[in-house]
Amino acid sequence: MMSSVIGEYTSDTQQRKYLQTSDLRRLRNFQFAAKLIVEGSFQGKHRSPYYDYSAEFADYRPYTPGDEIRAIDWRAYARTDRFYIKLSRKETDMNCYLLVDKSNSMAYKDSGGVSKLEYASYMAAGLAYLIIRQGDKASLSLGDDALRAYIPAGGSQRHLQRILIALEQNTPGGETGLPATLATLFGVLKRKGLLIVISDFLDEPERVFSTLNMFAHKGFSVLLFQVLTDGEMFLPDADNALFQDMESPAFAVADPNAIRVAYQAELQAFLNEISTSAKARRMQYQLALTSAPYYEALEAFLTARGRM
């Protein structure tokens, strides 16, 4: 695989469903600044926890036999009459792991709109582009009740193309099972970084966050994008409607106007549980509705993260 870092992505944009020329124009103005200390030795925009004898100053430590003489700070010696090593932090690349939920519930869409899976794919493509454009590495995982596909982190133009092709070929299928998918992914990832999960999160929050805790405890930074439609948020404006479960034969007939207040109260409690659980674990959470352009959700996230 090529190791060169992409500056501007232009290859075959007219043939791609995700990351068209119009997307590139909008995304080019975004700043993806993840506040995260990561490992590595490449040239991204992030600080490594490993000390070096060059670059940005970080700290001093006493000289010990075996250290290079050239690393001694002679000004510190003149002030203290003791030998000290001047340390600094290397700039390093960041690994960003994108996980897109491909379960059947993600196939749902409002009339005339895009499906939740398509919306999530637009977001994943945009994020992959921004990550690689700034000199970092992007990985893509696809899952439903199990991890179905995994592309390791990479930072080349060819790698971005590989991610875009995987997103375009992806189709919804399987039951929702984020905990199982996350648990498998946790065993696959060997290096900490930024985990971005894009899903409708129509799962059991307690089980989902129990699994996400493993990433947080290992030093990952975690971002959650919850993708829903207006129909799911507000219910359709109709006298009578058939509600079909996307992942089972179950269905119900009801008058949306009669159940709307109770439904929205239940939904809001569910959304509050997810956002509160994320905040308690210092994970960033963002709700995104498919009725709004996906780049607006990305911009809101990038703006909020830039203030952190």
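How each quantity is defined
- Residues numbered from 1 in each chain as written.
- Predicted model: local features only at pLDDT ≥ 70, side-chain atom pairs only at ≥ 80, totals over all residues.
- Heavy atoms only, no water.
- pLDDT = per-residue confidence, 0-100.
- Contact = heavy atoms within 4.5 Å.
- Patch = residues over 30% accessible without salt bridge, like charges linked within 9 Å, V, L, I, M, F, W, Y side chains within 5 Å.
- Areas by Shrake-Rupley, 256 points an atom, 1.4 Å probe, with all protein chains shown as cover.
- Salt bridge = Lys/Arg side-chain N within 4 Å of Asp/Glu carboxyl O.
- Helix = DSSP H or I, 4+ residues; strand = E, 2+ residues; numbered from the N terminus.
- Buried < 20%, exposed > 50% of the residue type's maximum accessible area, 1.4 Å probe, protein only.
- Core = buried A, V, L, I, M, F, W, Y, C linked by side-chain atoms within 4.5 Å.
- Pairing = 2+ DSSP bridges.
- Axes fitted to C-alpha atoms, helices over the stretch in contact; angles between N-to-C directions.
- Phe/Tyr/Trp six-rings, centres within 6.5 Å; stacked < 30°, edge-to-face > 60°.

As a further point, take the confidence of the model for the protein chain. For the protein chain, the average pLDDT comes to 85, and 82% of its residues sit at 70 or higher. Segment residues 1-10: pLDDT under 50, and 29 contacts once partners within four positions in sequence are set aside and those in other chains are kept. In the model, residues 33-42 has pLDDT below 50 throughout and makes 44 contacts with residues more than four positions away in sequence or in other chains.

In this section: a nonpolar patch on the surface. A cluster of nonpolar side chains, contributed by Ile69, Trp74 and Phe83, occupies part of the molecular surface with about 320 Å² of accessible area. With respect to the element layout, Phe83 can be found in the loop between α2 (74-80) and β3 (84-92). Using a relative accessible area of 37% as the deciding quantity, one classes Phe83 as partly exposed.

Right, let's talk about the nonpolar core for a bit. A general trend in soluble globular proteins is that nonpolar side chains are found buried together. Core analysis: the largest hydrophobic core is formed by 43 residues, its most contacted members being Met123, Leu127, Leu140, Leu167, Ile196, Ile198 and Phe225. Broken down by secondary-structure element, the contributors of at least two residues to this core are α1 (21-27), β4 (95-101), α3 (116-133), β5 (137-143), α4 (157-169), β7 (194-199), β8 (221-228) and α9 (294-306). Counting residues per element, this core draws most heavily on α3, at 12 residues. Apart from residues lying up to four places away in sequence, Phe225 is in contact with Met123, Leu127, Ile196, Val197, Ile198, Ser199, Phe201, Gln286, Ala297, Leu298 and Phe301. Residues Leu189, Leu212, Leu267 and Phe270 belong to the second largest nonpolar core, which totals 26 residues.

With that settled, the discussion passes to the sheet that holds β4. Judged by pairing direction, the sheet is mixed, and its six strands sit side by side in the order β6-β5-β4-β7-β8-β11 without closing on themselves. Either end of the sheet is taken by a strand with one partner, and the two such strands are β6 (147-154) and β11 (284-289). Taking the axes of each pair of neighbouring strands and ignoring which way they run, one obtains an average angle of 15° across the sheet.

Here the focus is the packing of aromatic side chains. This model, assessed by the stated rule, comprises nine aromatic pairs. Centroid distance Trp74 to Phe83: 5.8 Å. Interplanar angle 90°. Geometry classified as edge-to-face. A relative accessible area of 48% places Trp74 in the partly exposed class. Judged by centre distance (4.7 Å) and plane angle (10°), the ring pair of Tyr77 and Phe83 falls under stacked. Taking the relative accessible area as the measure of exposure, Tyr77 reaches 29% and is therefore partly exposed. Through a chain of ring-to-ring contacts, three or more aromatic side chains come together here, namely Tyr18, Tyr122, Tyr294 and Tyr295.

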